[in-house]
Amino acid sequence: MRSLEVLLPHLAGVVVEFVQQSAARIVLHAHARAARGICPHCSQPSERVHGRYVRRMADAAIGGRAVVVELLIRRFRCLNDACTAVTFAEQVDGLTTPHARRTPLLRSVLLSIAHTLAGRPGARLAAMLGMRCAKDTMLQLLRAVPDPPKAPVRVLGVDDFALRKGESYATVLVDLEARRPVDILPGREAEPLAVWLAEHPEIEIICRDRAGAYAEGARTGAPQAVQVADGWHLWRNLAEAVEKTVGSHHGCIRSAFAASTTADPGTARNDTQPFEPPDGMHDCLGRPRRLVARTTERYAAVQERLAEGKTLTAIARELRLDHSTVRRFARATGIDELLVKAANRQSILDEYKPHLHQRWNEGCRDIPRLHREVQELGFPGDIQTVRRYLRQAKHHELPMAPRPTPRPRRVVRWIMTDPDRLPADDAQELKEIRATCPHLDAAARYVRDFAAMLHERRGDLLPDWMERVLADDLPALHSLVTGLRRDQDAVVAGLSSSWSSGQVEGHVTRIKLLKRKGYGRANLDLLRKRVLLTT
């Protein structure tokens, strides 16, 4: 049996007497090699055997077959009269531990699987490898592991993640220098963060997003630390303000594109007015779209109740709307801002309208034939889409299909993109938009200036930038400036410092993966253990 001891070093302390094998299991019958035992209480050796019994222990699998060690254990009598123990059972180093039914090797293998896959998936993999283990046992093994040793933290990253989206959240704390999580806190309020920070006075820098709760918790728990607002979140806040600005001035964009791209419709037949394709606010029959009509009705109802002095909560209850929906209608500068999406809803037919207009004006009024032609060009829709679009034209000439107006988010992307990286066509269209609307031209200038501050780390230029923004008629950017002033020190530090929450966001992404692997078993204590132990 010497070969087994070579292959399995943890069996070096025992003598294997014989082996029983089957298709699914290997049983090793063994006894301890040592001639005497050591009392675990007084460390006194003893050779006086009090009794014997067989101990069955599961071991790591061999070739996919489960391994069981049946070890003949001797119980010795302690020879030290001053010792509190009368008898004690012998232990074999590397093979046995008190009360354990698994060898340390098997326990470490199962723990590695639990670290990666948690309960149910880990139990399935272990069973396939010949090491059957219940899913709850996997979780118990994981919970029994002590936390990693604590080390001083100088630069801390803070962010939140959802346990159940919209219902419960938690906070992850990351050591940005060691690039590892140091703790998980329940909720995303200021108090738990302040208590944790008070226990770590060595923290010098706290990198966070724009959440007010984290700002308050950092001020309370670590007044000595410098707070740094994450640059990506600042850029996102600016993009949201620009999107609102584009939405409120999208009428200017539509007018510019209509004036520059719509051709003369030609001579109408039968002395009737030429057919005009419906805009995004109406359907193919000229009626207001249902979304437009509903949005207009709700906007009027919310504004009427606001004028009566009712609260947003009361309005939401009366109109049976979500509170966030009522808040959006209440904060809108006008109905046009809310109807931007409805007015620019694209159709799968937009790309093929020029061909339809050309063939229609050439005299082809056969709808099935036109449908087959656009299908050959790649149109994925059915014939009813073509029929509904051309139904209103009847015997009229069709104008040249206008160039579609870019959607608000596309315009925002153009504004937020580095001009040197913007494609030539997009740059030309953005140039037309800026020439048409001075408000969007000013917003684009402010975006470029902010990008320069962020790229060159010139946070000292922020006060002047905010003053110039307030001098222009840009309400959405004014709201942004108001928020920046409430957190100005952290924003200036974020624009000037090289620290960011990038790696914190990476850990949040990893936490989402760990949470999904848990198959719903993501209680905060278990999730915290997996986050801290899994690197």
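For the rest of this paragraph, the subject is the side chain of D160. Here D160 shows up in strand β8 (residues 155-164). A distance of 3.1 Å separates a polar atom in the side chain of D160 from a polar atom in the side chain of R188.

Further remarks concern the packing of aromatic side chains. As enumerated under the stated definition, the model contains 5 aromatic pairs in all. Arranged with centres 6.4 Å apart and planes meeting at 35°, the rings of W235 and F450 form a pair that is tilted. Of this pair, W235 sits in helix α7 (residues 231-248) while F450 sits in helix α19 (residues 438-456); the two residues are 215 residues apart in sequence, bridging distant segments of the chain. A relative accessible area of 22% places W235 in the partly exposed class. Given a relative accessible area of 1%, F450 falls into the buried group. The residue whose ring lies beneath R188 is Y169, and the NZ or CZ to ring-centre distance is 3.5 Å. Taking NZ or CZ as reference, R328 lies 5.1 Å from the ring centre of F329, over its face.

A separate point is the nonpolar core. Counting 39 residues, the largest nonpolar core has L238, L462, W465 and L477 as its most contacted members. If you tally residues by element for this core, the top one is α19, at 8 residues. Those residues within four positions of L462 in sequence are excluded, and the remaining contacts are F450, M453, L484, Q488, V491, V492 and L495.

The next subject is unusual backbone geometry. Not every positive phi belongs to a glycine, and S43 is a case in point at roughly 60°. Structurally, the position occupied by S43 is in the loop between β3 (37-38) and β4 (45-46). Given the relative accessible area of 54%, S43 is considered exposed. Within the chain, A118 stands out as a residue other than glycine whose phi angle is a positive 65°.

Listing the buried residues of helix α5 (residues 190-198) in full gives A190, L193, A194, W196 and L197. Buried residues in α5, looked at end-on, bunch into an arc of 165°, giving them a common side. Turned more than 90 degrees away from the buried face of α5 sit E191 and A198, all of them exposed. Where α5 is buried, its residues contact β8, β9 (168-175), β10 (180-186), β11 (205-208) and α6 (212-221).

Turning our eyes to something else, we now look at the pairing of β10. Along β10, 5 of the 7 residues are buried, which leaves the element largely enclosed by surrounding structure. The pairing of β9 with β10 spans 6 bridges and is antiparallel. Counterpart to A170 in the pairing with β10 is P186. Between β9 and β10, which pair antiparallel and follow one another directly, the connecting turn spans 4 residues, one of which, R179, has a positive phi of 60°.

Within the secondary structure layout, T482 lies in helix α21 (residues 475-486). A sequence separation of 12 residues divides T482 from L470, and the C-alpha atoms of the two residues are 9.6 Å apart.

Below, the discussion takes up the packing of helix α18 (residues 424-436) against α19. Taken N-terminus to C-terminus, the directions of α18 and α19 make an angle of 120°; their axes are 5 Å apart at the nearest point. It follows that α18 is oblique to α19 by the angle criterion. Two secondary-structure elements touch here, α18 through I433, R434 and T436 and α19 through P438, L440, D441, A444 and R445. Looking at the contact of α18 with α19, its residues break down into 4 nonpolar, 1 polar and 3 charged.

The next thing to look at is the sheet that holds β11. With respect to topology, 5 strands assemble into an open sheet ordered β10-β9-β8-β11-β12, the strand pairing being mixed. Only two strands of the sheet have a single partner each, and these edge strands are β10 and β12 (226-229). Across the sheet, the mean angle separating the axes of adjacent strands is 25° when strand polarity is ignored. Packing against the sheet, α5 makes contact with β8, β9, β10 and β11, and its axis sits at approximately 135° to β10.

Neither face of β11 is left uncovered, since the one carrying I205 and C207 and the one carrying I206 and R208 both have all their residues buried. Of the pairings in the sheet, the one linking β8 to β11 comprises 3 bridges and is parallel in character. Across the sheet, G157 pairs through a bridge with C207, a residue of β11. Sheet topology note: the β11/β12 ladder contains 4 bridges and is parallel. In the strand pairing of β12, I205 is matched with V226. With respect to chirality, the unit in which β11 leads through α6 into the neighbouring parallel β12 is right-handed.

Turning our attention to the side chain of H115. Inspection of the secondary structure puts H115 in helix α2 (residues 104-117). Filtering out sequence-adjacent residues up to four positions away, H115 remains in contact with L142, V145, R530, L533 and T534.

A word on the pattern of salt bridges. Taken as a whole, this structure holds 28 salt bridges when the rule is applied. In this structure, D449 engages R468 in a salt bridge whose closest nitrogen and oxygen atoms are separated by 3.1 Å. With D449 in helix α19 and R468 in helix α20 (residues 462-470), the pair connects residues that are 19 residues apart, well separated along the chain. For D449, a relative accessible area of 30% gives the class partly exposed.

Calculation notes
- Residues numbered from 1 in each chain as written.
- Predicted model: local features only at pLDDT ≥ 70, side-chain atom pairs only at ≥ 80, totals over all residues.
- Heavy atoms only, no water.
- Helix = DSSP H or I, 4+ residues; strand = E, 2+ residues; numbered from the N terminus.
- Polar contact = N/O pair within 3.5 Å; in protein donor to acceptor, adjacent residues only side chain to side chain.
- Phe/Tyr/Trp six-rings, centres within 6.5 Å; stacked < 30°, edge-to-face > 60°.
- Buried < 20%, exposed > 50% of the residue type's maximum accessible area, 1.4 Å probe, protein only.
- Lys NZ or Arg CZ within 6 Å of the ring centre and 35° of its normal.
- Core = buried A, V, L, I, M, F, W, Y, C linked by side-chain atoms within 4.5 Å.
- Contact = heavy atoms within 4.5 Å.
- Arc of directions from axis to C-beta.
- Pairing = 2+ DSSP bridges.
- Axes fitted to C-alpha atoms, helices over the stretch in contact; angles between N-to-C directions.
- Parallel < 35°, antiparallel > 145°, perpendicular 65-115°, else oblique.
- Nonpolar A, V, L, I, M, F, W, Y, C, P; charged D, E, K, R; others polar.
- Right-handed = clockwise from strand over helix to strand, strands pointing away.
- Salt bridge = Lys/Arg side-chain N within 4 Å of Asp/Glu carboxyl O.

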